Amino acid sequence: MTANVETLAKLYLENAPAELSAETMAEFCEFIMDEFRQLPLAIQASTSMRYEQADEMFADIEQQHLWVSTEAYGADYPNPFYGFALLAVHDYDHYQTQSDFSLEGEIRAYRATASRAPSLAIQKILYSEIVLKSAAHLVLGRAPEPKLVFA
């Protein structure tokens, strides 16, 4: 593992959860729902389906279908559906950027989503959820406890 992955994972794992204002959370939820509604494919929730390789996910997307995990993706969203919607949007950005599940691929997918974000606050949430959390997952070998970290 590169030092970069370990440094980013440490930021996620060792920092306290960020506190968001109600206004920022509402802005984030509105942004994610707008993005989710624009996805041009059928999204199906699953408790067990996981894509091991990006190519498997890309093949499904090319068939106008995407499996999305129902596991908790984010921390303290007003409704768990927002984490699900974020993951669907994020997965589609992996497809749009043809990026894999490596840290470099996660950063590429993050940049695609962040480029559409309406504010720096939303970009920070996305960075925590996509880049920092992914780095922690790569270092731990499992999903870390969900939280938002502004480091």
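The notes below deal with the structure included here. Owing to the predicted nature of the structure, the values given are computational and were not obtained by experimental measurement.

Cut-offs and rules
- Residues numbered from 1 in each chain as written.
- Predicted model: local features only at pLDDT ≥ 70, side-chain atom pairs only at ≥ 80, totals over all residues.
- Heavy atoms only, no water.
- Helix = DSSP H or I, 4+ residues; strand = E, 2+ residues; numbered from the N terminus.
- Expected span 1.5 Å × (residues − 1).
- Buried < 20%, exposed > 50% of the residue type's maximum accessible area, 1.4 Å probe, protein only.
- Salt bridge = Lys/Arg side-chain N within 4 Å of Asp/Glu carboxyl O.
- Contact = heavy atoms within 4.5 Å.
- Phe/Tyr/Trp six-rings, centres within 6.5 Å; stacked < 30°, edge-to-face > 60°.
- Lys NZ or Arg CZ within 6 Å of the ring centre and 35° of its normal.
- Pairing = 2+ DSSP bridges.
- Axes fitted to C-alpha atoms, helices over the stretch in contact; angles between N-to-C directions.
- Parallel < 35°, antiparallel > 145°, perpendicular 65-115°, else oblique.
- Nonpolar A, V, L, I, M, F, W, Y, C, P; charged D, E, K, R; others polar.

1. Focus: helix H5 (residues 103-114)
Because an α-helix completes one turn every 3.6 residues, residues spaced three or four positions apart along the sequence face the same direction.
So, point 1. The terminal C-alpha atoms of H5 lie 16 Å apart, and with 12 residues this matches the ideal 16 Å at 1.5 Å per residue to within 8%.
So, point 2. Among the residues of H5, those classed as buried are Leu103, Gly105, Glu106, Ala109, Tyr110, Ala112, Thr113 and Ala114.

2. Notes on unusual backbone geometry
So, point 1. One non-glycine residue, Gln64, lies in the positive phi region at around 65°.
So, point 2. Relative to the elements of secondary structure, Gln64 occurs in the loop between helix H3 (54-62) and strand S2 (65-69).
So, point 3. The class of Gln64 is partly exposed, set by a relative accessible area of 44%.

3. What to know about the pattern of salt bridges
So, point 1. Evaluation of the coordinates by the stated rule reveals 3 salt bridges.
So, point 2. The closest approach of N and O atoms between Asp93 and Arg116, which form a salt bridge, is 2.8 Å. You can see Asp93 sitting in helix H4 (residues 81-97) and its partner Arg116 sitting in the loop between H5 and helix H6 (120-140), a full 23 residues away along the chain.
So, point 3. By sharing partners, the salt bridges in this structure join Glu35, Asp93 and Arg116 into a single network.

4. Here's the deal with the environment of Ala151
So, point 1. Position of Ala151 among the secondary structure elements: in the segment after H6.
So, point 2. Look past the residues within four positions of Ala151 in its chain and what remains in contact with it is Leu11 and Asn15.

5. Structural notes on the packing of aromatic side chains
So, point 1. Following the criterion strictly, the structure yields 7 aromatic pairs and no others.
So, point 2. Taken together, a centroid distance of 5.4 Å and an interplanar angle of 40° make the contact between Phe81 and Phe84 tilted. One end of the pair, Phe81, and the other, Phe84, are both in helix H4, 3 residues apart, so they sit about a helical turn from each other.
So, point 3. The rings of Phe36, Phe81 and Phe84 are connected pair by pair, giving a single aromatic cluster.
So, point 4. Cation over ring: Lys147 sits above Tyr12, and NZ or CZ is 5.6 Å from the ring centre.

6. Topic: the pairing of S2
So, point 1. Burial runs high along S2: 4 of the 5 residues are buried.
So, point 2. Relative to S2, strand S1 (residues 42-46) runs parallel, the two sharing 5 bridges. Within S2, the position partnered with Ala45 by the bridge is Val68.

7. Looking at the packing of H4 against H5
So, point 1. Put simply, H4 and H5 touch, their axes get as near as 8 Å, and they point 105° apart. What the angle tells us is that H4 and H5 run roughly perpendicular. Counted together, Val89, His90, Asp93, His94 and Thr97 of H4 and Gly105, Glu106, Arg108, Ala109, Ala112 and Thr113 of H5 form the full contact between these two elements.
So, point 2. Class assignment for the residues of the contact of H4 with H5 results in 3 nonpolar, 5 polar and 3 charged.

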